[in-house]
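Take a look at the letters that make up each chain.
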Amino acid sequence: MKDKFYQYIQNLQDQICAGLEAADGTTKFKEDLWERPEGGGGRTRVIENGTVFEKGGVNISAVHGKLPDSMQKLFNVGEADFFACGLSLVLHPKSPMVPTVHANWRYFEMYDTSTPLSTGSGKVIQQWFGGGQDLTPYYLFEEDAKHFHQTCKTACDKHNSDFYLKYKKQCDAYFWNAHRNEARGIGGLFFDYCKANEQMSMENWFDFVTEVGNSFLEAYVPIVEKRKKLLYSDANRTWQEIRRGRYVEFNLVHDKGTLFGLKTNGRIESILMSLPPHVQWVYDHHPEAGSEEEKLLKVLQQPKEWIAD
């Protein structure tokens, strides 16, 4: 399964980068290959200063080795080896009319340490999938929100009619900036610890996760194409940078993926790739009553159902 999924994310990285380069039209991703001293490595691809994308990355990694003490405590296990691979992406567009987007699809295995991991025959004692995709607009276009969520629902419904509502709710709960009492964005899907059970084998989970991964370009690129040429003012840009500050706060305070990378000696440049290049923290900022900015805040303070059942 780990080889199968790693092959999938390598191919998906190529597909997504090609689609995003076409949407930008003027710049390409730069590739950076890296190795982790404890085992494994990755392929980081970053796009910067494009016509559409101010900064973004589409990264894959596959790391393995001894499970760090901090992660042993998190998973409530003793000494163990692990393997983790995934694709993680974040895109920060230049225009405040184009939303930021984040997505991640990952696979994890844990092994009995009585058999060395390097033999490839260590007993798998835990394995699961996780991932999702979510949208963070700066100005709210309801038709864009509905398109993104409908694409997520269509992917989910091919596998289980309950998945969309379940994982939409989990997304709203996960991407919640508790210290601000507001959502990071308008959500999407979030799922984790997807393990084999009576309804879903690991092969079934693989099919579901890859279905969602394959839907990403369809969910996001039409929104980019629709909004990338809209005019905007300096005031719009200032608002975008203030909201980007909330994005940074979530990633550094609450995000489990960032925490996992830091605690497993992940590559810091790849981990912090998710942070935008230009951000503002304005003291006690409140948008004007009745403005488009306030309209967005009201939705972020009370997650909304974007599509009918």
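Computed from a predicted structure; not experimentally measured.

A.B. asks: Go over the pairing of strand β4 (residues 81-93), please, and point to the residues and values.
C.D. replies: A large share of β4 lies buried, amounting to 12 of its 13 residues. Alignment of strand β3 (residues 53-66) against β4, held across 13 bridges, turns out to be antiparallel. Across the sheet, the residue bridging to His64 is Phe83, located in β4. Bridge count for β4 against strand β5 (residues 100-111) is 11 bridges, and the pairing is antiparallel.

A.B. asks: Give me the nonpolar core: which residues, what numbers.
C.D. replies: Residues Phe5, Leu89, Trp105, Phe208 and Tyr220 are the most contacted members of the largest nonpolar core, which totals 65 residues. Broken down by element, the residue count for this core peaks at 8 residues, all from helix α1 (residues 2-24). Val63, Ala80, Phe108 and Trp128 belong to the second-largest nonpolar core, a separate cluster that totals 11 residues.

A.B. asks: I'd like a rundown of the environment of Ile60, residues and numbers included.
C.D. replies: Along the polypeptide, Ile60 turns up in strand β3. Expressed as a C-alpha distance, the spacing of Ile60 and Asn104, which sit 44 residues apart in the sequence, is 9.6 Å. If sequence neighbours within four positions are ignored, Ile60 has contacts with Tyr6, Ile9, Gln10, Gln13, Gly42, Arg43, Gly86 and Leu87.

A.B. asks: Outline the environment of Ile268, supporting the account with residue identities and numerical values.
C.D. replies: In this fold, Ile268 is placed in helix α9 (residues 268-271). C-alpha separation for the pair Ile268 and Asp24, spaced 244 residues apart in sequence, amounts to 26 Å.

A.B. asks: Explain the pairing of strand β6 (residues 124-136) residue by residue, including any values.
C.D. replies: Where β5 lies against β6, 12 bridges are found, and the strand directions are antiparallel. Considered in β6, the bridge of Ala103 is made with Gln133. Pairing of β6 with strand β9 (residues 187-194), which is carried by 6 bridges, proceeds in the antiparallel orientation. The residue bridging Gln133 from the neighbouring strand is Leu189, located in β9.

A.B. asks: Any chance you could break down the pattern of salt bridges for me, citing the residues and the numbers?
C.D. replies: Taken as a whole and assessed by the stated rule, the structure comprises 24 salt bridges. Across the salt bridge formed by Asp14 and Arg45, the nearest N and O atoms sit 2.9 Å from each other. Linking Asp14 in helix α1 with Arg45 in strand β2 (residues 40-48), this pair joins segments that are 31 residues apart in sequence. For Asp14, a relative accessible area of 36% gives the class partly exposed. The residue Asp157 makes a salt bridge to Lys153 at a minimum N-O spacing of 2.6 Å. Taken as a pair, Asp157 and Lys153 lie in helix α3 (residues 142-157) at a separation of 4 residues, close to a single helical turn.

A.B. asks: Any chance you could break down the layout of surface pockets for me, citing the residues and the numbers?
C.D. replies: Empty space within the second largest pocket amounts to approximately 320 Å³. Considering the residues around the second largest pocket, the lining is formed by 16 residues, among which Arg180, Arg246, His285, His286 and Leu297 are closest to the centre. Listed by contribution, the elements that provide at least two residues to the lining of the second largest pocket are α7 (234-253) and α10 (292-301). Among the residues making up the lining of the second largest pocket, the classes are represented as 6 nonpolar, 3 polar and 7 charged.

Rules used in this analysis
Residues numbered from 1 in each chain as written. Predicted model: local features only at pLDDT ≥ 70, side-chain atom pairs only at ≥ 80, totals over all residues. Heavy atoms only, no water. Buried < 20%, exposed > 50% of the residue type's maximum accessible area, 1.4 Å probe, protein only. Helix = DSSP H or I, 4+ residues; strand = E, 2+ residues; numbered from the N terminus. Pairing = 2+ DSSP bridges. Core = buried A, V, L, I, M, F, W, Y, C linked by side-chain atoms within 4.5 Å. Contact = heavy atoms within 4.5 Å. Salt bridge = Lys/Arg side-chain N within 4 Å of Asp/Glu carboxyl O. 1 Å grid on protein atoms, 1.4 Å probe; cavity = no way out; pocket = protein on both sides within 12 Å on 5 of 7 lines; lining within 4 Å. Points joined across faces, edges and corners; volume = space filled by probe spheres on them. Nonpolar A, V, L, I, M, F, W, Y, C, P; charged D, E, K, R; others polar.

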